Amino acid sequence: MKKVIAIVLLSLVAGNSEAQLNRKIKFPSPESATYDNNGNDLRGFINRNKNDFEAKGNKVLDASGNDWGYMQIKNVKTPGEDKKGNLNYLESFDVTLAMMKTKGGAKATWWTREYNSTSGKLLYYKVGEAGLLAYDNVKYTEVITDLLPKSFDIIEYSDTLLNQGDFEILFKNCMFVKNGTIKDVNDYKNLVEFYNTFLAKFTAINDPVIDNKSFITCFSGKSGANYVGCFNIVNGKLSGRVEQVEAPFERDKIKYVNDIFKKLTGSSINVYGDDYFGMEKMMKTRADKSNMKIDFKKTNSRRKYNEDF
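Cut-off values and rules
- Residues numbered from 1 in each chain as written.
- Predicted model: local features only at pLDDT ≥ 70, side-chain atom pairs only at ≥ 80, totals over all residues.
- Heavy atoms only, no water.
- Helix = DSSP H or I, 4+ residues; strand = E, 2+ residues; numbered from the N terminus.
- Polar contact = N/O pair within 3.5 Å; in protein donor to acceptor, adjacent residues only side chain to side chain.
- Buried < 20%, exposed > 50% of the residue type's maximum accessible area, 1.4 Å probe, protein only.
- Contact = heavy atoms within 4.5 Å.
- Phe/Tyr/Trp six-rings, centres within 6.5 Å; stacked < 30°, edge-to-face > 60°.
- Lys NZ or Arg CZ within 6 Å of the ring centre and 35° of its normal.
- Axes fitted to C-alpha atoms, helices over the stretch in contact; angles between N-to-C directions.
- Left-handed = near helix turned anticlockwise from the far one by under 90°.
- Nonpolar A, V, L, I, M, F, W, Y, C, P; charged D, E, K, R; others polar.

With that settled, the discussion passes to the side chain of K77. Checked against the element boundaries, K77 lands in strand β3 (residues 68–81). At 2.7 Å, the side chain of K77 forms a polar contact with the side chain of D94.

Attention now goes to the environment of G221. Looking at the element boundaries, G221 is found in the loop between β10 (213–220) and β11 (226–234). Distance from G221 to N190, taken between C-alpha atoms, is 5.5 Å for residues 31 residues apart in sequence.

Turning our eyes to something else, we now look at the environment of T217. Mapping T217 onto the fold places it in strand β10. According to the relative accessible area criterion, T217 is buried, its value standing at 0%. Taking C-alpha positions, T217 is 8.5 Å from Y276, a pair spaced 59 residues apart along the chain. When sequence neighbours within four positions are dropped, the list of residues in contact with T217 reads F194, Y195, F198, Y227, V228, G229, F231 and Y272. Only 2.6 Å separates the side chain of T217 from the side chain of Y195, close enough to count as a polar contact.

Turning next to the packing of aromatic side chains. Enumeration according to the criterion identifies 29 aromatic pairs in this entry. With 5.6 Å between their ring centres and 85° between their planes, F27 and Y125 make a pair best called edge-to-face. Within this pair, whereas F27 is found in strand β2 (residues 27–28), its partner Y125 is found in the loop between β6 (122–123) and β7 (136–137), the two being separated by 98 residues in sequence. A relative accessible area of 30% places Y125 in the partly exposed class. Linked through ring pairs, W68, F152, F194, Y195, F198, F202, F215, F219, Y227, F231, Y272 and Y305 together constitute an aromatic cluster. Stacked on the ring of F93, the Lys or Arg R23 has its end atom at 4.9 Å from the ring centre. Looking at K297, its charged tip hangs above the ring of Y305, at a distance of 4.6 Å from the centre.

Here we take up the environment of V95. Among the secondary structure elements, V95 is positioned in strand β4 (residues 87–102). When the C-alpha atoms of V95 and K59 are compared, they prove to be 27 Å apart, with 36 residues separating the residues in sequence. The residues touching V95, leaving out its near neighbours within four places in the chain, are A33, K74, N75, V76, T78, W110, W111 and T112.

Relative orientation of the contacting elements helix α2 (residues 42–64) and helix α5 (residues 187–199) amounts to 35°, with a least axis distance of 9 Å. The two elements α2 and α5 meet at a crossing, and its hand is right-handed. Listed contacts from α5 to K56, K59, V60, A63 and S64 of α2 are Y188, K189 and V192. Residues belonging to the contact of α2 with α5 are distributed by class as follows: four nonpolar, one polar and three charged.

Everything listed here is a matter of geometry and, on its own, says nothing about what the molecule does.
Rendered as structure tokens:
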């Protein structure tokens, strides 16, 4: 076991990494990130979530004909490691643990940034023995390469999503979903079918014509649950989150619509779906108050979003 030069509860260093001054440690401990961090490591993440990951990932790949990507991720605190191999919990790193579903199995990876800076160089080191992890442990670049051809990537995250920007830079169209949001695995089939139709409403996404547009999408799952997805154009790609609607009363719906609009960056709002769950009037009112254009489009519409309205 490597010598621990500073043992501090990880919760004490969970603050903003950019606020940690005078960092001397450039890299995290690869062993800790992979298998030796009290279960807060890649091996522990895989072992705890494997069944859930396989069930959802298989459903997404089957529903999309392997045209969509599916990942599960978790962010953990990992100790830094100096040149002598000593661990330092005072200079910990925000590490992303990730599993990507493939047609024949799955791949696992992790990454962080140099000096734990949001602008630092991406880092990964492979360690461990053959067979140490249930899935093939690969560099994050291999995962990125595999997902680039996909139409949409579902990024299902545990707890708090810390590094959304990494995905918006490195990956294609991203849909972030908090684990537990979609409780019935069969709803993933509805999700894929709905958003494939949504994607067909664009002649192109990397198009300056739609850079100022944001999208509110509404669909229901096989379970009867209602979902809303809010998307912006980021780096010429769609990026947004899908969540289940839990607003039974009018006052709840008003608050929910206000919260939705806070997530939108465009000046032109486009609402897509066949059922707006009793919130259409509230959306129009909210858009009017903000002096924003708003347009409602049904799933059978042939008009493209690249056309002005």
